[in-house]
Amino acid sequence: MIITSKTNRFKIKTFFDESMQERSIRVLDRQLGKTFIYYEDEVDIINNRHLLPLKHYLKKRMHFIRSGAYD
């Protein structure tokens, strides 16, 4: 399955982790067929070249993520 649209490649779901006092981000990459889980502060340290589109996508939507729009 090849998805060329950037808006349809990733699907985000978040929840607030009470024990860590941080928002956890679950991202499904439809092109790779894999799910990744990060905390808010871990997005900045994504350095795998294959995951750079994911990093840019998350950083672009971080204000929505922090506000709980994907909960």
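What counts as what
Residues numbered from 1 in each chain as written. Predicted model: local features only at pLDDT ≥ 70, side-chain atom pairs only at ≥ 80, totals over all residues. Heavy atoms only, no water. Salt bridge = Lys/Arg side-chain N within 4 Å of Asp/Glu carboxyl O. Helix = DSSP H or I, 4+ residues; strand = E, 2+ residues; numbered from the N terminus. Buried < 20%, exposed > 50% of the residue type's maximum accessible area, 1.4 Å probe, protein only.

Caption draft 1: Structural view of the pattern of salt bridges. Scanning the model with the defined rule gives four salt bridges in all. The partner of Glu40 in a salt bridge is Arg66, with the nearest N and O atoms 3.1 Å apart. Here Glu40, found in the loop between β3 (34–39) and α2 (52–60), pairs with Arg66, found in helix α3 (residues 62–67); they are 26 residues apart in sequence, far enough to count as distant. Using a relative accessible area of 52% as the deciding quantity, one classes Arg66 as exposed. Across the pair Lys59 and Asp44 runs a salt bridge, and its minimum N-O distance is 2.6 Å. Taken together, the residues span a long stretch of sequence, with Lys59 in helix α2 and Asp44 in the loop between β3 and α2 at a distance of 15 residues.

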